[in-house]
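# Commentary on secondary and tertiary structure
This is what each chain is made of:
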Amino acid sequence: MKKLVALFLTLSLMVVTLAGCSTGTEESSTSGSTSGESNTSAQTDGKTITLGLTAPITGTHAEYGVGFQAAVEIAMDEINNAGGVNGYNLAVEVMDSKGEPKETSDIVRQFAENDNIQAIIGDFTSSCSMAAAPIVDEAGIVLLSPTASNPDYPGMSDYTFTVMNNQSTEAPWFARAVVGQYIGAKSVAVMWLNTDWGIATHQYLLQGFEEAGITVVADESYAENETDFSSVISKLKSTDPECVVILDQGNVPTVINQIRGTGWDVQLATLGPGSSEQLIQLCGENAEGLIVDTPSFLTPENEEAVPFIDAFKEKTGYAPTDHSLCAYNSVYLLAESIKAIGDGEITREAIKDNLKTAQMDGLAGHVEFNEEGGCSRELLILQVENGKYVVKEDYGYGVE
Amino acid sequence: MEYIINQFVNGICQGFIYALMAVGYSVIVGVVGFVTFTHGEVIVFGAFASFYIFLLCGNNLLLGVIGSFAASWLIGIFVYKICYERFFHAPRHIALICTIGVSMLLKNIAQIIFGPNKKPMLNIIKNKIYSFGIVEISKVQIVIILTVIILSALLFIIFMKTRWGISLRAVSQDKTAAAMMGINVKQTAMIGNCMGSGLAGVAGLLIAINYQTVYATMGSNLSIKAFAAAVLGGLTSVPLAALGGILIGIIENMGITFTSASLRDIFTFVFLIIILIFKPQGFSKKKGVRP
């Protein structure tokens, strides 16, 4: 009997461990199968270009990592079904960085050593992407991050690119246009996440407040794995600001819930999560009145966005945010770059050279890279009303 | 002044949660005799059990507490069977490494079963703020403190007044002697492990209610705090571990009051190190830890 129990436990252990592995590293089967179908219909001769994707499939930022994977697969399916790029099909190899820079470096090194991988998409956070920058620089392979918005990142190497707005333009705009002009606050308290992204954004935000003549009455940072914000909140509360700005992504819902939990009814604005659907789910009534900014707004009312939203919801079960759209655009930009190579040989170097001039018009408006490999986009202001995001100000608000 | 007092209240509330985790921890270490690293994951399973109970049966706190206790009890059996049962006579580090492995396993199982996303636990207790003069305390904080006090009292009664408690204390003091007195040591050790895990599960429930969110990876940080609090109490003393937990909560929050929240963990561990330099046995009078 004891032996049987031991055997059962060992087996279940093995099964679970194997299952764990399969979520960690998985080769996307969808793009593989669709590429098989389109082989017959289009003029492709079965050649495949494989891109690497490093994203936080598990961990604090899992919502976004899973979104990356889904968005990349959707974009590849679309491209492959339309006949591929220059006779090539696209495929992706996904690896889970768990949102940790050391994992990203390992993954990027593995991709760089794998001759089948022509370019890398990822990672989600600036910290992860910046950790990988020296590696891609040495290996000579493109690292196109959909969302890294630390202003230092794109300039770190010729091979580093990002589709997300640079915080050096977004944060000062947020301070001046959103907090100063739209909310009309004279005093503000800032809570910020102590990471590469947070430090850089925070610095630009403070500059913005200073230029706009807004007083920062409290300025508090916290570590990334923080769960209890009550002491920070008490601290902010004691300074009685007109508006609280939260600089974070994954922790925003927890922070908002805890602020409302202390019975504090202050105007909240957040820079980072964009129009995240999960935020409203996690905050419920607590999210009412929250102000966010976002470079693109994906709702069913926007007809162009419907196919993408539907496909995304089918894969993940929740609605996409701008972050996922950026991952989707990353694939198209790489496809543009491959297209521009034309009949030439597809090499990592050629992809990099052509990516610099690649551009596209899509759901997020016009996207092209600046000299460093960064991006700058106009933004929308949204507010939560009755459990939904409502567009309050259109593109171009508060532009000087 | 008002602000400092409110920070103190925050600290006490957080300290009570740490205390409950630490109490569970020291029961496990005391009765089983091994250090565990699965505590954080047990906390997560307890929190998720209550999440599903609240989802299915409505916001019944008592049911939630029982459910999270029971779920963590089961995880406790699993951990005991894998990590401890066969290693009582093996070198101590084997069980320790085994718990580290099981902790990774449980964390990944939790992500597979519950998904990687955060889940909301909104308004389990209708929130209300009570003011006593300049002190403000929320209903959630009162519920947390009361739950911890009631559970600790129950644990004390079980330990001191029941046959089970006598066996548990006997096993905790000397396994060989307890076996000679006719106590089933393995079974008693398992019950001790399960009780400690159950308390951790309830701590998970309280954390989830306090933060209004629950997610699969929230355990690792908490496990270290529970460990620190238990070490302060000398690892095996239940009341001193509770004291350690409350002190850590207060010191963290007072530290944040005067500096930054980024330094939260620094306060905990610097405090731990200072205490250990001057009193290596923690707050307990005993020198060293029983084998």
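Residues numbered from 1 in each chain as written. Chains lettered and ligands numbered in written order. Predicted model: local features only at pLDDT ≥ 70, side-chain atom pairs only at ≥ 80, totals over all residues. Heavy atoms only, no water.

Attention shifts here to the overall build of chain B. A count of helical and extended segments in chain B gives eleven helices and four strands. The C-alpha atoms of chain B give 19 Å as radius of gyration, which agrees with the globular expectation for 291 residues (19 Å, within 12%). A buried classification covers 57% of the 291 residues belonging to chain B. Here the analysis covers contacts within chain B between residues at least 6 apart in sequence; of these, 75% occur between residues at least 24 apart. A total accessible area of about 12300 Å² is found for chain B, and carbon and sulfur atoms account for 72% of it. (Helix = DSSP H or I, 4+ residues; strand = E, 2+ residues; numbered from the N terminus. Rg over C-alpha atoms; globule rule 2.2 N^0.38 Å. Buried < 20%, exposed > 50% of the residue type's maximum accessible area, 1.4 Å probe, protein only. Contact = heavy atoms within 4.5 Å. Areas by Shrake-Rupley, 256 points an atom, 1.4 Å probe, with all protein chains shown as cover.)

Moving on, we come to the pattern of salt bridges. Here the structure, examined in full by the defined rule, presents 18 salt bridges over all chains. With its nearest N and O atoms 2.6 Å apart, the salt bridge here joins lysine 392 of chain A to glutamate 385 of chain A. (Salt bridge = Lys/Arg side-chain N within 4 Å of Asp/Glu carboxyl O.)

Turning to a nonpolar patch on the surface, a few remarks are in order. All names here are of chain B. Taken together, the side chains of Leu263, Ile266, Val270, Ile273, Ile274, Ile277 and Phe278 define a hydrophobic patch exposed on the protein surface, amounting to about 680 Å² of accessible area. In this fold, isoleucine 266 is placed in helix H11 (residues 264–278). Of the residues examined, isoleucine 266 reaches a relative accessible area of 47% and is grouped as partly exposed. (Patch = residues over 30% accessible without salt bridge, like charges linked within 9 Å, V, L, I, M, F, W, Y side chains within 5 Å.)

Before going further, it helps to spend a moment on the interface of chain A and chain B. Accessible area lost during the coming together of the parts is what is often quoted as the interface size. Counting residues at the interface gives 42 residues for chain A, matched by 38 residues for chain B. Each partner contributes to the roughly 3100 Å² buried at the junction of chain A and chain B, and carbon and sulfur atoms together form 52% of this total. Inspection of the chain A/chain B interface yields three salt bridges. In this structure, glutamate 226 of chain A engages arginine 264 of chain B in a salt bridge whose closest nitrogen and oxygen atoms are separated by 2.7 Å. There are 19 residue pairs in polar contact (both at pLDDT 80 or more) connecting chain A and chain B. Of all the elements in the fold, those that place two or more residues in the side of chain A that touches chain B are helix H1 (2–24), helix H3 (62–81), strand S8 (215–222), helix H8 (230–237), helix H9 (252–261) and helix H10 (277–283) of chain A. Split by residue class, the side of chain A that touches chain B holds twelve nonpolar, 24 polar and six charged. (Buried area = accessible area lost by both parts, 1.4 Å probe. Polar contact = N/O pair within 3.5 Å; in protein donor to acceptor, adjacent residues only side chain to side chain. Nonpolar A, V, L, I, M, F, W, Y, C, P; charged D, E, K, R; others polar.)

Before going further, it helps to spend a moment on the domain arrangement of chain A. All names here are of chain A. For chain A, the assigned domains are domain 1 (26–165 + 304–368) and domain 2 (167–294 + 379–393). Summarising the inter-unit geometry, the C-alpha centres of domain 1 and domain 2 are found 30 Å apart. At the junction of the two partners, domain 1 supplies 15 residues and domain 2 supplies 20 residues. When the two sides are added together, the surface that domain 1 and domain 2 hide from each other amounts to roughly 1500 Å², 50% of it contributed by carbon and sulfur. Summed over the shared surface of domain 1 and domain 2, the result is zero salt bridges. The element that contributes the greatest number of residues to the side of domain 1 that touches domain 2 is helix H5 (residues 126–139), accounting for three residues. Looking at the side of domain 1 that touches domain 2 residue by residue, the class counts come to five nonpolar, eight polar and two charged. (Domains from an automatic or database assignment.)

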